[in-house]
Amino acid sequence: MDQSTPSADYPEAATIADFEANLAAVHANIAAAAARAGRRAEEVRLLPISKTVPAERVRLAVAAGCRHLGENKVQEAKAKAAALADLDLSWSVVGHLQTNKAKDVVAFADEFQALDSVRVAQALDRRLQAADRTLDVLVQVNTSAEPQKYGLDPDEVPEFVRGLAEYPTLRVQGLMTLAVFSADTDLVRRCFRRLRDVRERVRDMDADLLGAGELSMGMSGDYEVAIEEGSTCVRVGQAIFGARATPDSHYWPSAVGPASS
Ligand SMILES: *Cc1c(COP(=O)(O)O)cnc(C)c1O
C-alpha cells in the first residue's frame, strides 16, 4: 500500500454511520491480511487511536462500537477520559511518557504501550503501588534504527525485560514498535520482523517474561503488512477517524519521510 498520500485517503468520519463503515472496512482488511498469513482474525485486536479527535466525535465512534481507545499524549487522554467518563471505556497510552506524568497514567489508563526506560518503570511502579493496582505494559522497541525514534535498541530488550520482574505492578504483556515511515514495503516489513525476532529472543531466555507475548505493530498506512508479520494489536487512527491536521512530528521527534509531508 502507498503511505505517501495519507490525507486524501482518509475522509473525516462525521456520523455514526461513517464510523461503522470505516470500522467495517478496517476489520475486513484485518481479516484478509490474517487469512493471507494463515492466521485467525481474532488473533488481532484493533486499537482505535483517537488523538486530536474531540471528545464529542469520539462519542460517535463509541456508538459505532469502539470501547477501548488509544491516545498518544497523556494530557489529552486524561481530559478525554474525563469528558467521556459517563461511557464505559478503556484507555491505552501509546506515546512516550515523562516520569512526571506517571501519576496521570495510573489515574485513568488500563494499558501503557511505550515503556522504554527504567526511570519510567520506577515512576509507574511507585504510583501503582500507592493506588494499589497493576498496569498492563508493552515495551517499545526501535526497530528502524532511526536515532530520532523512541524505544529501546533490540539488543537491549532481553535484559530490560528481565529487569522489569522487579516491578510486580507492571504486567508485561509484549512489545510495541513503529516501523520506518516509507512507501517501501520491504523496509516496513523488516521492522515488523525485527520485533517478532526480539520476542523470540526474550522467550528463548525465559518464556514467562512477556506475558501474552503481544506484538503491537501496524498503523493506518501499514497495518496489513504488520498482520502478515504477526501483529496482535494494530493501532489505527486516521483510517477510522479521518486524516489528522497535526503533523506526526508533534508525536515523535522529527518524523521524516513521505508520511509526514
Ligand atoms: C497516532 C499513532 C498511531 C496511529 O496512527 P494513524 O496514522 O492515525 O493510524 C499509532 N501509534 C502511535 C504510537 C501513534 O501515536
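Going by an unreviewed UniProt entry, the protein chain carries the name Pyridoxal phosphate homeostasis protein and comes from Gordonia phosphorivorans. Its UniProt record gives the protein chain a comment under Sequence similarities (unreviewed entry), which states: "Belongs to the pyridoxal phosphate-binding protein YggS/PROSC family." Quoted verbatim from the Function (unreviewed entry) field of the UniProt record, the comment on the protein chain reads "Pyridoxal 5'-phosphate (PLP)-binding protein, which is involved in PLP homeostasis."

Observations concerning the overall build of the protein chain
Helices and strands together make up the secondary structure of the protein chain, namely 10 helices and 8 strands. Taken over C-alpha atoms, the radius of gyration comes to 17 Å for the protein chain, in line with the 18 Å a tight globule of 261 residues would show. Along the first, second and third principal axes, the C-alpha atoms of the protein chain reach 45 × 45 × 35 Å. Burial status across the protein chain gives 53% buried among its 261 residues. Within the protein chain, contacts between residues at least 6 apart in sequence are counted, and of these 65% link residues at least 24 apart. Element-wise, carbon and sulfur atoms account for 48% of the exposed surface of the protein chain, whose accessible area totals about 11,300 Å². Taken together, the 30 basic and 38 acidic charged side chains of the protein chain have centroids lying 3 Å from each other.

As for the packing of aromatic side chains
For the structure shown, the criterion picks out 1 aromatic pair. Ring geometry for Phe19 versus Phe241: centroids 5.4 Å apart, planes at 70°, classification edge-to-face. Of this pair, Phe19 sits in helix α2 (residues 16-36) while Phe241 is found in helix α10 (residues 238-241), placing the two residues 222 residues apart along the sequence. Its relative accessible area of 1% is what places Phe241 among the buried residues. Taking the ring centre of Tyr251 as reference, the NZ or CZ of Lys51 above it sits at 4.1 Å.

Some points on the UniProt feature "domain: Alanine racemase N-terminal" (unreviewed entry) in the protein chain
In the UniProt entry, the feature "domain: Alanine racemase N-terminal" (unreviewed entry) is given for residues 22-244. Helix makes up 42% of residues 22-244 and strand 17%, and the two end C-alpha atoms of the span are 15 Å apart.

A short note on the site of the ligand
Surrounding the ligand, one finds Ile49, Lys51, Asn72, Val94, Met219, Ser220, Arg235, Val236, Gly237, Gln238, Arg244 and Trp252. The side chain of Asn72 places a nitrogen or oxygen atom 2.7 Å from an oxygen atom of the ligand. Between an oxygen atom of the ligand and a side-chain N or O atom of Ser220, the distance comes to 2.5 Å. For the ligand, whose unbound accessible area comes to 380 Å², protein coverage reaches 97%. Along the lines of polarity and charge, the residues of the shell around the ligand split into 5 nonpolar, 4 polar and 3 charged.

Overview of the layout of surface pockets
Reported here for the second largest pocket is a volume of approximately 210 Å³. In terms of lining residues, the second largest pocket is bounded by 13 residues, among which Asn72, Lys73, His96, Leu97 and Gln98 are the most central. Residue composition of the lining of the second largest pocket, grouped by class: 6 nonpolar, 5 polar and 2 charged.

Re unusual backbone geometry
The backbone phi angle of Thr52 is positive, close to 70°, even though this residue is not glycine. Along the chain, Thr52 falls in the loop between β1 (45-48) and α3 (55-63). Not every positive phi belongs to a glycine, and Asp132 is a case in point at roughly 55°. Note that Asp132 resides in the loop between α6 (118-131) and β5 (135-140). A relative accessible area of 71% means that Asp132 is categorised as exposed.

As for the pattern of salt bridges
Oppositely charged side chains are able to pair whenever their charged atoms sit close together. Taken as a whole and judged by the stated rule, the model has 23 salt bridges. One salt bridge connects Arg36 with Glu228, and the closest N-O pair in it is separated by 2.7 Å. Here the residue Arg36 occupies a position in helix α2, and Glu228 occupies one in helix α9 (residues 223-228), the gap between them amounting to 192 residues. On the basis of relative accessible area, Glu228 is assigned to the partly exposed category, the value being 22%. Residue Arg244 is joined to Asp248 by a salt bridge in which the shortest nitrogen-to-oxygen separation is 3.2 Å. Here Arg244 falls in the buried class, since its relative accessible area comes to 16%. Residues joined by salt bridges that share partners form a network here, namely Arg36, Arg189, Arg193, Arg196, Glu228 and Glu229.

So, how was this worked out
- Residues numbered from 1 in each chain as written.
- Predicted model: local features only at pLDDT ≥ 70, side-chain atom pairs only at ≥ 80, totals over all residues.
- Heavy atoms only, no water.
- UniProt positions renumbered as here; feature names shortened; annotations may be inferred.
- Helix = DSSP H or I, 4+ residues; strand = E, 2+ residues; numbered from the N terminus.
- Rg over C-alpha atoms; globule rule 2.2 N^0.38 Å.
- Buried < 20%, exposed > 50% of the residue type's maximum accessible area, 1.4 Å probe, protein only.
- Contact = heavy atoms within 4.5 Å.
- Areas by Shrake-Rupley, 256 points an atom, 1.4 Å probe, with all protein chains shown as cover.
- Lys, Arg positive; Asp, Glu negative; His and termini not counted.
- Charge placed at Lys NZ, Arg CZ, Asp CG, Glu CD.
- Phe/Tyr/Trp six-rings, centres within 6.5 Å; stacked < 30°, edge-to-face > 60°.
- Lys NZ or Arg CZ within 6 Å of the ring centre and 35° of its normal.
- Near = heavy atom within 4 Å.
- Polar contact = N/O pair within 3.5 Å; in protein donor to acceptor, adjacent residues only side chain to side chain.
- Nonpolar A, V, L, I, M, F, W, Y, C, P; charged D, E, K, R; others polar.
- 1 Å grid on protein atoms, 1.4 Å probe; cavity = no way out; pocket = protein on both sides within 12 Å on 5 of 7 lines; lining within 4 Å.
- Points joined across faces, edges and corners; volume = space filled by probe spheres on them.
- Salt bridge = Lys/Arg side-chain N within 4 Å of Asp/Glu carboxyl O.

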